[in-house]
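What follows is the residue order along each chain.
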Amino acid sequence: MGHPLHCTRNHGTVYILWLLGTVVEYMQSHQAGQPHSIKLDGDITLGGLFPVHAKGPMGVSCGELKKEKGVHRLEAMLYALDQINSDTDLLPNITLGARILDTCSRDTYALEQSLTFVQALIQKDMTDVRCSNGEIPTINKPERVVGVIGASSSSVSIMVANVLRLFAIPQISYASTAPELSDNNRYDFFSRVVPPDSYQAQAMVDIVKALGWNYVSTLASEGNYGESGVEAFMQISREAGGVCIAQSVKIPREPKPGFFDKTIQRLMETSNARGIIIFANEDDIKRVLEAAKRANQTGHFLWVGSDSWGSKISPVLNQEDVAEGAVTILPKRASIDGFDRYFTSRSLENNRRNIWFAEFWEDDFQCKLTHSGTSEGEQTRKCTGEERIGIDSAYEQEGKVQFVIDAVYAMANALHSMHMDLCPGFIGVCDKMDPIDGKLLLQYIRSVNFNGSAGTPVMFNENGDAPGRYDIFQYQMTNTTSAGYKVIGQWTDQLRLNMEEMQWYEGEQEIPSSVCSLPCNPGERKKRVKGVPCCWLCELCDGYQYQLDEFNCELCPFDMRPTENRTSCRPIPIIKLEWQSPWAILPIFLAMLGILATTFVITTFMRYNDTPIVRASGRELSYVLLTGIFLIYAITPLMIAEPGVVVCAFRRIFLGLGMCISYAALLTKTNRIYRIFEQGKKSVTPPKFISPTSQLVITFSLIAAQFVAVIIWLGVAPPHTHIDYEEQRTTNAEFARGILKCDMSDLSLICCLSYSIVLMVTCTIYAIKSRGVPENFNEAKPIGFTMYTTCIIWLAFVPIFFGTAQSADKMFIQTATLTVSMSLSASVSLGMLYVPKVYVIIFHPEQNVQKRKRSFKAVATAATMSTRLSQKLSDKQNGDTRAEEKKVDNPLTMSYINYSNLGFIN
């Protein structure tokens, strides 16, 4: 074992010194095999970690050279150091040196290499170390690295950061984007000039949402970058809501044959999830595209790639049709013209400080240098040394060059601020900065704020992360002169996407869908599928429900119905019985005829008021009866008129009043007939209250009961209108109607008519009892026929009225039925009792005169016979039964009773 001492130890040494010796021995053993590091002298030394070589095959640390990600980035650091050292304003009179190492794209190897940075910080106990002559040994201290630029891969940065934090060495990465590096408790000395993948993941979530996708799958390469990126995407999508993950596939570091074909088959199991979120390396991306092409799924998948895809050509080379429409993201960057001039001017002569540049030269120009030697049989061209980068070879600036330069400048600006505070006016490094306190330097790093190489601000948040600024690309084949990437938007805290510039498979402009379930139509609610919030079934808001929100339906208010698309409510139309309605035409026609006929009869009776027929009909009760009949007809227009307070009041008053007047008069008349003939069977003394005045008093007393009840009703419950929404609340809300009504229920209507019905039934009973009236008195029989017919009409009315309770046109049918029934009953009374008399009065006036003469003769004869019978009755106080029977049965006496009491003798 070798040690960095010039004498041997007298006693034991601490373990940390042993570790240092081990590291040095390891480095020395590898020095001969290949160059170890680039070392530039300076007042302050910065470390650098770059993936100059790829991973080596099994058992070998390093593999082939990485020209862009390795050499370009390494040279960017050298370029930045040159610019800073030549700047008279930034760190004047202080030269920055460097110790740059190759990580070989492997985290464990990078960890071994990075131990070089901490050699000078390892404290060694020299109290028991003496030379053989007893003198204190002389120790060659390695240069002290105050800060490290790198690494590139997140896995390498994580491994290195764990060591550097132990020795308080700040680290600024130019490419590591793993979200876990934002943990300031674990990686407190780590900073980066690129935004973390959590920002990138947020940008990708915003892109997915902007495209209207809610069902996507994820692909991740195994490792910190891929797995952390997908994890961040999934976490943000869960927190934001609206995006679900159908499949989440991890690509192993060394996938087995057929793995990518199986991956495509697995993704096709959820074919609706066409959007594929990719956090994978270039090789994995390329193999996924190849597998999709083999599966004949060109144009099916919609790729959304992270910055590892970015705007690179290699992943889509020879797979352009499969990659068409892919949306990729890349940290916002710019090409640094100064670096292009610097790098294209590099040659073997002026770039000896880069120990890997000769290897780059051979690889870039496909030649061999003389001193490298060639084995027999090789036909490789010999390098002349006169080749020029960008002329004799293809050159394009690597994408992270800007960030490497910004990382170096961030460290330089922090050191400059520190020097200004600790060494004001001092030229060079003062004692306060020798050695440099890593914790203090970290504070200055986190405080920097300057315009970087691309003109964008360089700053860090409390976790050491740079602000998120991304360009959004889309790989297009028809929107450009040749297949390539086109910038379609940016993301800086929020997404700005130019939808018009986007094109999809075969130039399609319409954004393809990647959803689990299609959007529901207006008026349909989403019924979630358990466990998959982005999948749902669409259910129509039926009946009187409207769509409250995308997941709920709610009933409209009782007086409203849903709109046609069921997204809101609208008032239910208000209807009433119109004059032109078929349900109104027939009742109005009958009522008008009845009113005209009744008016004609009343006019005729008034004109022939003193004729025998009119007098024999009982003029007073006839006018009362005709008035009731007129009111029965007149109620029809009131029942059809638009409801209002006045109309409703008149309906209450006149609905039952007309019938009450008619049947009260008829009841009084039939009762009078019945009492006269019943009394006539017993004695010659006429019954009481048979005079016209008495009859009118009885009639109006019966009418008064109805009228008083109606007045009380009006006082207790004043009339008003209301809208009945229940009657025509149909199953189909489109046919729902509100009916403008008076506040009269079916029960109150029947109650209003019930008194009249009682009068009608009572009158019918008296008509039946009076059916045996002699032929010479023909008034009772028309009354009987009238009442029989009226009862039949109203018996038919009841089932029709109540049988329509469930009909949609209930109000119309019931109104028509009621008015027609009343008109028919009034017409029966008018036709049976008065039409024959009017006919005789008008067309046979001579019968009216003859009847009058016969009446007077019959009266005289009846009076004579009655006087005689009365004398005989007075002579026989005990009287025999036969004499009384003869008196009663005597036709002449009967005629007298009939005519005197029925109106001929007044």
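Reading the values: rules and limits
- Residues numbered from 1 in each chain as written.
- Predicted model: local features only at pLDDT ≥ 70, side-chain atom pairs only at ≥ 80, totals over all residues.
- Heavy atoms only, no water.
- Pairing = 2+ DSSP bridges.
- Helix = DSSP H or I, 4+ residues; strand = E, 2+ residues; numbered from the N terminus.
- Axes fitted to C-alpha atoms, helices over the stretch in contact; angles between N-to-C directions.
- Core = buried A, V, L, I, M, F, W, Y, C linked by side-chain atoms within 4.5 Å.
- Buried < 20%, exposed > 50% of the residue type's maximum accessible area, 1.4 Å probe, protein only.
- Contact = heavy atoms within 4.5 Å.
- Parallel < 35°, antiparallel > 145°, perpendicular 65-115°, else oblique.
- Nonpolar A, V, L, I, M, F, W, Y, C, P; charged D, E, K, R; others polar.
- Left-handed = near helix turned anticlockwise from the far one by under 90°.
- Phe/Tyr/Trp six-rings, centres within 6.5 Å; stacked < 30°, edge-to-face > 60°.

Novice: What am I meant to see in the sheet that holds strand β19 (residues 484-492) here?
Specialist: Working definition: the strands of a sheet are paired by backbone hydrogen bonds and lie parallel or antiparallel to each other. Ordered by their spatial adjacency, eight strands build an open sheet running β10-β9-β11-β12-β13-β18-β19-β20, and the pairing between neighbours is mixed. Of all the strands in the sheet, the pair left with one neighbour each is β10 (244-251) and β20 (494-497). Going across the sheet, the axis of each strand differs from the next one's by a mean of 25 degrees, ignoring polarity. Of the strand pairs in this sheet, strand β13 (residues 327-331) and strand β18 (residues 470-476) are connected by five bridges, and their pairing is antiparallel.

Novice: What exactly am I supposed to notice about the pairing of strand β24 (residues 552-555) here?
Specialist: Regular strands show a simple pattern: their side chains alternate between the two faces of the sheet. Summarising the sheet, strand β23 (residues 545-549) and β24 pair through four bridges and their orientation is antiparallel. Counterpart to Gln547 in the pairing with β24 is Cys553. Linking β23 to β24, which pair antiparallel, is a turn of two residues.

Novice: Just checking my understanding: could you explain the nonpolar core for this structure?
Specialist: Soluble, globular proteins show a tendency: their nonpolar side chains are buried together. Core analysis: the largest hydrophobic core is formed by 66 residues, its most contacted members being Met77, Leu96, Ile172, Trp361, Leu415 and Leu441. Counting residues per element, this core draws most heavily on helix α12 (residues 401-422), which supplies 12 residues. Not counting residues within four places of it along the chain, the set of residues in contact with Met77 comprises Leu46, Gly47, Gly48, Phe50, Ala98, Ile100, Ile149, Val404 and Val408. Judged by nonpolar contacts, the second largest core, of 55 residues, contains Leu655, Leu749, Trp794 and Phe797.

Novice: Is there a simple way to think about the packing of helix α21 (residues 810-833) against helix α22 (residues 835-843) in this case?
Specialist: Helix-helix packing is characterised by the crossing angle of the two axes and by the distance between the axes. In the contact formed by α21 and α22, the axes pass within 3 Å of each other and the chain directions differ by 40 degrees. Comparing their axes, α22 and α21 come out oblique. Here α21 contributes Leu830, Gly831, Met832 and Leu833 to the contact with α22, which in turn contributes Val835, Pro836 and Lys837. Taken together, the residues of the contact of α21 with α22 sort by class into five nonpolar, one polar and one charged.

Novice: Quick question: what am I supposed to make of the packing of helix α5 (residues 197-210) against helix α6 (residues 224-240) here?
Specialist: At their nearest, the axes of α5 and α6 sit 8 Å apart, and the two run at 50 degrees to each other. Taken as axis vectors, α5 and α6 run oblique relative to one another. The two elements α5 and α6 meet at a crossing, and its hand is right-handed. Facing α5, whose interface residues are Asp197, Ser198, Gln200, Ala201, Gln202, Met204, Val205, Val208 and Lys209, α6 presents Tyr225, Gly229, Ala232, Phe233, Ile236, Ser237 and Ala240. Residue classes in the contact of α5 with α6 are distributed as nine nonpolar, five polar and two charged.

Novice: Would you mind showing me how to read the packing of aromatic side chains here?
Specialist: Geometrically, a pair of aromatic rings is defined through the distance of the ring centres and the angle of the planes. Under the defined criterion, the tally for this structure stands at 20 aromatic pairs. On the numbers, 5.1 Å between centres and 65 degrees between planes, the contact of Tyr475 with Tyr485 is edge-to-face. Residue Tyr475 is found in strand β18, and its partner Tyr485 is found in strand β19; the two are separated by 10 residues along the sequence. In this structure Tyr475 comes out as buried when scored by relative accessible area, which is 2%. Taking the centre distance of 6.4 Å and the plane angle of 85 degrees together, the rings of Phe785 and Tyr788 count as edge-to-face. With Phe785 and Tyr788 both in helix α20 (residues 780-803) and three residues apart, the pair spans about one turn of that helix.

As far as function goes, none of this settles anything; it's purely spatial.
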